[in-house]
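# Reading the structure
Listed below, chain by chain, are the residues.
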Amino acid sequence: MDAALPTDWTEKTRRSYTPADSDREMEYCTYRHESGDLRVKVAPASLDGDDHPGYALTTTSYPGLEFAETTQVRTVLTFDRCERIARRFMDLFSARYDGPGSLEDALEYASERTRDHQ
């Protein structure tokens, strides 16, 4: 994706692969906040056992710890669209985050503003 990441985020993983039961190439990427307290993932929705086609944007607070919590923020049809939403999420989170005590507030703020409200 061409747009620059917010300065306090780093791309950790980016992969393309073709599932054994398909000839369509799929994509996957993860981002990590500089605090280490939040991970954002853009991946096929089916990876999390969801029967929904397309890509899911998920967040994991305190990744790697026993009390880590993963939440699905939104599911959309294409990888590019999901990645654009992820970048908006990261911008919103960064604008609200002010240290470990505010992680939940910043996560709720960014999640609420990137969810699809119909």
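Our subject in this report is the structure included herewith.

Parameters at a glance
Residues numbered from 1 in each chain as written. Predicted model: local features only at pLDDT ≥ 70, side-chain atom pairs only at ≥ 80, totals over all residues. Heavy atoms only, no water. Pairing = 2+ DSSP bridges. Helix = DSSP H or I, 4+ residues; strand = E, 2+ residues; numbered from the N terminus. Axes fitted to C-alpha atoms, helices over the stretch in contact; angles between N-to-C directions. Contact = heavy atoms within 4.5 Å. Salt bridge = Lys/Arg side-chain N within 4 Å of Asp/Glu carboxyl O. Buried < 20%, exposed > 50% of the residue type's maximum accessible area, 1.4 Å probe, protein only. Patch = residues over 30% accessible without salt bridge, like charges linked within 9 Å, V, L, I, M, F, W, Y side chains within 5 Å. Areas by Shrake-Rupley, 256 points an atom, 1.4 Å probe, with all protein chains shown as cover. Lys, Arg positive; Asp, Glu negative; His and termini not counted. Charge placed at Lys NZ, Arg CZ, Asp CG, Glu CD. Expected span 1.5 Å × (residues − 1). Polar contact = N/O pair within 3.5 Å; in protein donor to acceptor, adjacent residues only side chain to side chain.

The next subject is the sheet that holds strand β1 (residues 9-17). The sheet built from five strands is open, its strands ordered β1-β2-β3-β4-β5 with antiparallel pairing. Each edge of the sheet is formed by a strand with only one pairing partner; in this case those strands are β1 and β5 (69-76). Geometrically, the sheet is characterised by an average inter-axis angle of 15 degrees between neighbouring strands, direction not taken into account. Packed onto the sheet, helix α1 (residues 79-96) meets β1, β2 (26-33), β3 (38-44), β4 (55-61) and β5 and runs at close to 170 degrees relative to β3.

We now examine the pattern of salt bridges. Counted under the stated rule, the structure contains three salt bridges. Among the ionic pairs, arginine 14 bridges to glutamate 11, the shortest N-O distance being 3.0 Å. Classification of glutamate 11 by relative accessible area gives partly exposed; the value is 34%. Note that arginine 87 is salt-bridged to glutamate 83, the shortest N-O span being 3.7 Å. Taken together, the residues arginine 87 and glutamate 83, both in helix α1 and four residues apart, mark about one turn of the helix. An identical accessibility class is assigned to arginine 87 and glutamate 83; each is buried. Residues joined in a network through salt bridges with shared partners are Glu11, Arg14, Glu83 and Arg87.

So, about unusual backbone geometry. At tyrosine 62, a residue that is not glycine, the phi angle is positive and equals roughly 55 degrees. Residue placement: tyrosine 62 occurs in the loop between β4 and β5.

Our focus in this paragraph is a negative patch on the surface. A cluster of acidic residues, Glu69, Glu104, Asp105, Glu108 and Glu112, forms a negative patch on the protein surface. The leading source of residues in the negative patch is helix α2 (residues 103-114), at four residues. With respect to the element layout, glutamate 108 can be found in helix α2. Of the residues examined, glutamate 108 reaches a relative accessible area of 58% and is grouped as exposed.

With respect to the secondary-structure elements, serine 94 resides in helix α1. Overall, the relative accessible area of 19% leaves serine 94 in the buried class. If near-sequence neighbours (up to four positions away) are discounted, serine 94 is found in contact with Pro6, Asp8 and Trp9.

Another point: α1. Its 18 residues place the ends of α1 26 Å apart at the C-alpha level, agreeing with the 26 Å of an ideal helix rising 1.5 Å per residue. Turning to α1, its buried residues are Phe79, Cys82, Glu83, Ile85, Ala86, Arg87, Phe89, Met90, Leu92, Phe93 and Ser94. Packing partners of the buried residues in α1 comprise β1, β2, β3, β4, β5 and α2. Its side-chain oxygen 3.2 Å from the backbone nitrogen of arginine 81, threonine 78 forms the N-cap of α1.

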